[in-house]
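One letter stands for each residue in the lines below.
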Amino acid sequence: MPENIVTESSGRSEPLGDDTSIQPPQQPGNYMARVKSRWSNPFSESHNDADDKKISGGSGENIERDLKKRRISNSDFDAIHQEVSSDFISPAQLYSTESGRLFHAGQLCIALCGLPARGKTHLSVSLCRYLRWLGVKAKIFHLGDYRRSYCEKKNISQTFWNPLENANEREEIVNECISDIASYFENDKGQVVIYDAINALSKDRLDFHSLLTEKDVKVLFIESIVTDERLLHKNVSDASKSPDYENWDPEKATENYISRIKIISPIYQEMNEPELTYIKFINFGENIVINNDKFGFLVKKIVFFLMNSRIKSGSVFFARCSNNKLKFKSDPPLDEKGSEYFKKLNKTLLDYISKSKGDNFYQNIPIKSASKNEKQPPIGFDGQHENDFVVWTSTRLRTIQASQSFTKLGIKTRERTQLTQKNPGDVEGLTDEEIKEKYPEDYEKHQQDPYHHRYGRAESYHDLAVKIEPLILEMERMSGDILIIADETVIRVFYGYLMACSCNEIPFLEFPQNEIVQIQYNAYSNIAKRITIEGVDP
Amino acid sequence: MPVYTVSHVDNVRICVVMVGLPARGKSLMSQKIVRYLNWLSISSKSFNVGSYRRRQKQQPTAEFFDENNEEGLDTRNRALEMALKDMLTWFNEKNGTVGVLDASNTTRERRKKILELLRLNKIEPMFLESYCDNNEIIMNNILDVKTTSPDYQGVNPDFAIKDFLKRITKYEQVYEPLNMSTDSDLTFIKLINVNAQIIINKIQTYLESRIVYFIMNLHIKPRTIWLSRHGESSYNLEGKIGGDSDLSERGFKYAKNLPELVSRYIPNNENLEVWTSTLKRTQQTAQYLDYPKKTWKALDELDAGVCDGLTYEEIQKLYPEDFKMRDENKFEYRYRGGESYRDVIIRLEPIIMNLENQENILLITHQAVLRCLYAYFMNVPQEESPWMKIPLHTLIKLDPRAFDTLVTKIKADIPAVSTYKEKGTTKLGEGDDAKFNIAGDIVT
């Protein structure tokens, strides 16, 4: 029975059988072993992110062909705004249900609220990314997108409206967005909607709340308040990246943006409606107030994320460990070739960062004498400042040694057990052909679901995804730059998180040895870039 | 290794410093935090200052807690010092990660002293205040304390309530709640009337956020949790594991009996919700229960992968190495293509959070899943939990209280096979190693 059969509101459920007759099993001794797996087969149905063509599940050959057609070539594109199909399986989802919804949490609309330059869009996108990663079917509706498309249609050049004026146009735009939200819940098995708008007036918020409550959707408001001048300044200067200012001169864009804030500030009403469920998110996580939460688990999970969410100034960089075919369990020191590789990696990256930041910022970091016995300060404090730079490596001897070139510059390096490569188990060192011959059944299963399937004693990508959850949240806590040196298998999963890849894509992402991958945070969507390390083989 | 690998646990040391008047559920929360973290294999311990005080002064009356009672003040200060000293020793010698200082810590001055001492020892304080002015919640807690606190054991109940209320007023006279204008520099979480409003300030590490997340899911109202395995299934009869078989005849009998069994212990006017897995045998077991039901995929039995549907003899024959490995480390062993106990614990997280959130729940699920849930509620160590004996046709009633959890086993008078397998054998049947018996009195 799927999870959706009993909803919270439906009260008592029907008994399964007839109350009076107890039926003994029909065919003693002949029961099917469990056939339903924890996962519906991700390759059995078509996906919107693949071609329209239905992907067939059976033979290995077809799958191989179809896999190549998937978004691989286009994986530098952040898919967070892309629709996902109803049978989409997220990378860190613990199990799938027939209803497509999880945790008996019902349907939830998260309505953002706050003045311009309060990081609402960034918050909407990062929250959506996290929820989707967990398997909650979530979608963002930016009211700004609706306004832009409305203006385009009507050929209006105005980019912004005072909430107290243009009532008719505003209503039309808002209604269109709300009707799309309702349709997402009703027709697309959506579980969470994130409604990204200013929602300046209490009346509008109350109206929105009653409208959705009527449709059996719970409404959670998240109000972003920024009192820290520095944060505000940063957000304002990022404004020129908004789609509203495409082709604008950055200075003019900032000017225009400030004028918007000036119009809205005097009429903005801070949230204080005791009957509503709301979260005040102050200075991006410094202080959080939760009011009247009666929605349970999912809201708590959201607060959990918010506690770890920060405004981003830096990027995430990924680099491979030095190329070798070492056994999973061996742990030799760094060899000469590896040492050469890391020297080049170090130089390429630091030159790149210095160039983009305009000066040798990392040279200003005071060098602390690191004694072995001294307890390091808690990791959670890492990377809080926008100019911070942190390096994570696995706990393998060679990567620890490799990271010392960063330590010498006073850059914090941290060893993380979760960054150890995916355990290859019984198939370690075997070629595809050999695996096919030795473990034909396993091989077939692996072809069908390379993300979840584990060979004997091996880990799956899904195992990695669940394992790195703490690291993902710590990464979210950072404002500055971070370099993650890890095996390709681990980079795939991290990359999958940051670029909203589905579990069909992750096993096929490619990260050659001679490239550093940069993921730049941007309010609307992340941007992936590849930086070549000169003099290293791919 | 912790289940949820909280990164670099060895670098983070946190002390949760409780704040609040008596009867605000502080001890209950302290116990729960410790239980949850230990279940995730993060070493955690609570230090209840009251019990250190009792070593010097048992069963004092309210006057003892008066601000002007020098003897009382002296004794209470000493108790705090002893608790802190033990806690620091525990952090250093036992490599503790999260300590909980369970005391009222009502004054700003006292909190400042504690903070300085902790910082000096490189332990980060996180204050947790339970603020409550809702009389119903307070009275419920008072009734609980009256019956379970050693301070009032053997004392006339009416006197106990009166004295306890008086004790609370003594604390109220000096109480300075946490607030944003004076305490904005502290890492704290403040619960106002349980969760009518929650204020979270300056959370600085992932581990802290994880603790806060758990706390938000708690409530302190009295409630009961019922655990039961599904009725005996046809697979049980054949000694097969896993599968999705129907109940046996005796299993159906248990299902029929269940409503009566439950109603005997739960008055009709109380709410109850029944949770089952998605497998047939749990739903068939729940079918005669006239309560709201929810079906959870997360409650499905541990997936035995390629061994699903086999008997232990068959497993030993087909996968001798695996059979041995599983007995050697049952918690970590993962069936080929299936799950380990660790995997089950990870997928039970939403269940645990939802359970903490709710009131009376009856869970009808499977042997391995119940072991994990039982281990959570009763603080059973990781290496023991996969060996716990949880017999069929037995209803387990758990009543969480401030200082412990009361267990009652209600045995239905319907015979069933044993599905318990001891280490090193393929034979089924419960041996007599008492270590793996579940706690509590048996009622039939």
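The structure presented is a predicted model; accordingly, all values stated were derived computationally and were not measured.

Caption draft 1: Layout of the overall build of chain B. The number of helices and strands found in chain B is 15 helices and 13 strands. Against the compact-globule benchmark of 22 Å for 444 residues, chain B has a radius of gyration of 24 Å, which places it among compact chains. Dimensions of chain B along its principal axes, counting C-alpha atoms only, are 70 × 50 × 40 Å. Among the 444 residues that make up chain B, the fraction classed as buried is 63%. Residue pairs at least 24 apart in sequence account for 70% of intrachain contacts in chain B once pairs closer than 6 positions are excluded.

Caption draft 2: Examining the sheet that holds strand β6 (residues 287-291) of chain A more closely. Read from one edge of the open sheet, 12 strands run β2(A)-β3(A)-β1(A)-β4(A)-β5(A)-β6(A)-β6(B)-β5(B)-β4(B)-β1(B)-β3(B)-β2(B), paired in mixed fashion. Looking at which strands have only one partner, the edges of the open sheet turn out to be β2 (138-142) of chain A together with β2 (44-48) of chain B. Each strand of the sheet is rotated relative to its neighbour by a mean of 15 degrees, with strand direction disregarded. Examined bridge by bridge, strand β1 (residues 108-113) of chain A and strand β3 (residues 192-196) of chain A share four bridges and lie parallel to one another. Residue pairing across strands places Cys-109 of chain A opposite Val-193 of chain A, the latter belonging to β3 of chain A. Across the sheet, helix α5 (residues 202-214) of chain A lies against β1, β3 and β4 (218-225) of chain A, angled at about 150 degrees from β4 of chain A, the strand it touches most. In the packing of helix α1 (residues 26-39) of chain B onto the sheet, contacts are made with β1 (14-19), β2, β3 (98-102), β4 (124-131) and β5 (188-192) of chain B, and the angle to β2 of chain B comes to roughly 160 degrees.

Caption draft 3: Inspection of empty space enclosed by the protein at higher detail. All names here are of chain B. Per the counting criterion, the structure on display carries 10 cavities of 30 Å³ or more. In this structure, the largest cavity is lined by 26 residues; those nearest its centre are Ile-241, Gly-242, Glu-301, Tyr-312 and Gln-367. Going through the elements one at a time, α8 (234-238) and α15 (367-378) are the ones with two or more residues in the lining of the largest cavity. Class assignment of the residues belonging to the lining of the largest cavity gives a composition of nine nonpolar, nine polar and eight charged.

Caption draft 4: View of the nonpolar core. In terms of nonpolar packing, the biggest core is built from 174 residues, with Ile-110 and Ile-222 of chain A together with Ile-200 of chain B touching the most fellow members. Residues within four places of Ile-110 of chain A in sequence aside, it is in contact with Leu-127, Leu-131, Val-192, Val-193, Ile-194, Tyr-195, Leu-220, Ile-222 and Ile-302 of chain A. Residues Leu-143, Val-193, Tyr-268 and Met-271 of chain A belong to the second largest nonpolar core, which totals 29 residues.

Caption draft 5: Geometry of the environment of Gln-520 of chain A. Residue and element names in this part refer to chain A. Position of Gln-520 relative to the elements: it lies in strand β11 (residues 515-520). With a relative accessible area of 28%, Gln-520 lands in the partly exposed category. In this structure the C-alpha to C-alpha distance between Gln-520 and Asp-481, which are 39 residues apart in sequence, comes to 9.6 Å. The residues contacting Gln-520, other than those within four sequence positions of it, are Ser-315, Asn-526, Ile-527 and Lys-529.

Caption draft 6: The sheet that holds strand β9 (residues 293-295) of chain B, seen in detail. All names here are of chain B. Judged by pairing direction, the sheet is mixed, and its seven strands sit side by side in the order β9-β8-β10-β7-β11-β12-β13 without closing on themselves. The outermost strands of the open sheet, each flanked by one partner alone, are β9 and β13 (441-443). Sheet twist, expressed as the average angle between the axes of neighbouring strands with direction ignored, equals 20 degrees. With four bridges connecting them, strand β7 (residues 225-229) and strand β11 (residues 394-400) associate as antiparallel partners. Across the sheet, the residue bridging to Ile-225 is Leu-398, located in β11. Running at roughly 30 degrees to β11, helix α9 (residues 249-265) makes contact with β7, β10 (361-365), β11, β12 (405-411) and β13 of the sheet.

Caption draft 7: Quick look at the domain arrangement of chain B. All names here are of chain B. Parsing chain B into structural domains produces domain 1 (10-216) and domain 2 (225-443). Put simply, the middle of domain 1 and the middle of domain 2, counted by C-alpha atoms, are 35 Å apart. Contacts between the two partners involve 16 residues from domain 1, matched on the other side by 16 residues from domain 2. Carbon and sulfur atoms supply 59% of the area that domain 1 and domain 2 bury against each other, a total of about 1,700 Å² over both sides. It is Arg-35, Trp-39 and Thr-148 in domain 1 that bury the most area against domain 2; as a group they hold 44% of the surface buried on that side. Here domain 1 is connected to domain 2 by three salt bridges. Elements with a contribution of two residues or more to the side of domain 1 that touches domain 2: α1, α5 (135-148) and α7 (206-216). A total of eight residues in the side of domain 1 that touches domain 2 trace back to one element, the largest contributor, which is α1.

Caption draft 8: Representation of the pattern of salt bridges within the structure. In this structure the tally under the stated criterion is 49 salt bridges over all chains. One salt bridge connects Asp-78 of chain A with Arg-129 of chain A, and the closest N-O pair in it is separated by 2.8 Å. Of this pair, Asp-78 of chain A sits in the loop between α1 (60-69) and β1 while Arg-129 of chain A sits in helix α2 (residues 120-134), placing them 51 residues apart in sequence. When sorted by exposure, Asp-78 of chain A lands in the same class as Arg-129 of chain A, which is buried. When the shortest N-O distance is used, the salt bridge between Glu-356 of chain B and Lys-32 of chain B registers 2.9 Å. With a gap of 324 residues between them, Glu-356 of chain B in helix α14 (residues 349-357) and Lys-32 of chain B in helix α1 connect regions that are remote in the sequence.

Caption draft 9: Representation of the UniProt feature "binding site: substrate" (unreviewed entry) in chain B. Residue and element names in this part refer to chain B. Feature annotation in UniProt places "binding site: substrate" (unreviewed entry) on Arg-229, His-230, Gly-231, Glu-232, Ser-233, Ser-234, Tyr-235, Asn-236 and Arg-281, given in this structure's numbering. Across 53 residues of sequence, these annotated residues stay compact in space, with a maximum C-alpha separation of 14.1 Å. Those annotated residues lining the largest cavity are, specifically, Arg-229, His-230, Ser-233, Tyr-235, Asn-236 and Arg-281. The contacts of Gly-231, once residues within four sequence positions are left out, are Asn-236, Leu-247, Gly-251, Tyr-254, Thr-285, Leu-392 and His-393. Along the polypeptide, Ser-233 turns up in the loop between β7 and α8.

Caption draft 10: Representation of the packing of aromatic side chains within the structure. Considering all chains together, one arrives at 27 aromatic pairs over all chains under this definition. The interplanar angle of 15 degrees and the centroid separation of 4.7 Å between the aromatic rings of Tyr-195 of chain A and Phe-208 of chain A together place this pair among those described as stacked. Here the residue Tyr-195 of chain A occupies a position in strand β3, and Phe-208 of chain A occupies one in helix α5, the gap between them amounting to 13 residues. Residue Phe-208 of chain A is classed as buried on the basis of its relative accessible area, which comes to 4%. Following the ring pairs from residue to residue traces out a cluster consisting of Phe-141, Tyr-184 and Phe-185 of chain A. Taking NZ or CZ as reference, Arg-35 of chain B lies 4.6 Å from the ring centre of Tyr-376 of chain B, over its face.

Definitions and limits used
Residues numbered from 1 in each chain as written. Chains lettered and ligands numbered in written order. Predicted model: local features only at pLDDT ≥ 70, side-chain atom pairs only at ≥ 80, totals over all residues. Heavy atoms only, no water. Helix = DSSP H or I, 4+ residues; strand = E, 2+ residues; numbered from the N terminus. Rg over C-alpha atoms; globule rule 2.2 N^0.38 Å. Buried < 20%, exposed > 50% of the residue type's maximum accessible area, 1.4 Å probe, protein only. Contact = heavy atoms within 4.5 Å. Pairing = 2+ DSSP bridges. Axes fitted to C-alpha atoms, helices over the stretch in contact; angles between N-to-C directions. 1 Å grid on protein atoms, 1.4 Å probe; cavity = no way out; pocket = protein on both sides within 12 Å on 5 of 7 lines; lining within 4 Å. Points joined across faces, edges and corners; volume = space filled by probe spheres on them. Nonpolar A, V, L, I, M, F, W, Y, C, P; charged D, E, K, R; others polar. Core = buried A, V, L, I, M, F, W, Y, C linked by side-chain atoms within 4.5 Å. Domains from an automatic or database assignment. Buried area = accessible area lost by both parts, 1.4 Å probe. Salt bridge = Lys/Arg side-chain N within 4 Å of Asp/Glu carboxyl O. UniProt positions renumbered as here; feature names shortened; annotations may be inferred. Phe/Tyr/Trp six-rings, centres within 6.5 Å; stacked < 30°, edge-to-face > 60°. Lys NZ or Arg CZ within 6 Å of the ring centre and 35° of its normal.

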